[in-house]
Amino acid sequence: MQQNKDMGRVAIVAYKPMPGKEAALRTLIKKYVPCLKEAGLATDKESFILETKDGTIVEVFEWKSEQAMKKAHTNEQVQKMWREYAEVCTYTPLNRLPESASLFAEFTPLN
């Protein structure tokens, strides 16, 4: 099946907070998707913000399109937020989350 480049693209990202940066990460996450929406890069669908047992935060949201994902790399506000993320967390591959080993992965909702 060929993908339509104008279709939405769902992103799932896991953020492991740096020690002592948990509150800063949570604050940043609350601003991220609204920033993408304001820039016309994300759909109006609500994001999911979830937490793993070890404190990693998982965010699920929808980009407007593959093109929107590419535009984020040249958007000044998005770039600024990505730099802020680098100060408070590291990105974790989903397959490294203990929950990913379960047939039905369970998370604690944060929003």
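For the structure, check the block above.
What comes next concerns the included structure. (Residues numbered from 1 in each chain as written. Predicted model: local features only at pLDDT ≥ 70, side-chain atom pairs only at ≥ 80, totals over all residues. Heavy atoms only, no water.)

As for the pattern of salt bridges
Oppositely charged side chains are able to pair whenever their charged atoms sit close together.
And step 1. Summed over all chains, the structure comprises five salt bridges.
And step 2. Taking the shortest distance from any N to any O, the salt bridge between lysine 16 and aspartate 54 comes out at 3.5 Å. Of the two residues, lysine 16 sits in strand E1 (residues 9–17) while aspartate 54 sits in the loop between strand E2 (48–51) and strand E3 (57–63), which places them 38 residues apart along the sequence.
And step 3. Between lysine 80 and glutamate 84 there is a salt bridge, with the nearest N and O atoms lying 2.7 Å from each other. With lysine 80 and glutamate 84 both in helix H3 (residues 76–88) and four residues apart, the pair spans about one turn of that helix.
And step 4. Since its relative accessible area comes to 38%, lysine 80 is described here as partly exposed. (Salt bridge = Lys/Arg side-chain N within 4 Å of Asp/Glu carboxyl O. Helix = DSSP H or I, 4+ residues; strand = E, 2+ residues; numbered from the N terminus. Buried < 20%, exposed > 50% of the residue type's maximum accessible area, 1.4 Å probe, protein only.)

Things to note about the side chain of serine 47
And step 1. For serine 47, the position within the fold is in the loop between helix H1 (22–38) and E2.
And step 2. Look past the residues within four positions of serine 47 in its chain and what remains in contact with it is Val33, Glu59, Val60, Phe61 and Asn111. (Contact = heavy atoms within 4.5 Å.)

Things to note about the pairing of E2
And step 1. With four bridges joining them, E2 and E3 adopt antiparallel strand pairing. Within E3, the residue paired with phenylalanine 48 across the bridge is valine 60.
And step 2. The turn linking E2 back onto E3 is made up of five residues, and glycine 55 within it adopts a positive phi angle of 90 degrees.
And step 3. Bridge count between E2 and strand E5 (residues 108–109): two bridges; the pairing is antiparallel. Residue pairing across strands places leucine 50 opposite proline 109, the latter belonging to E5. (Pairing = 2+ DSSP bridges.)

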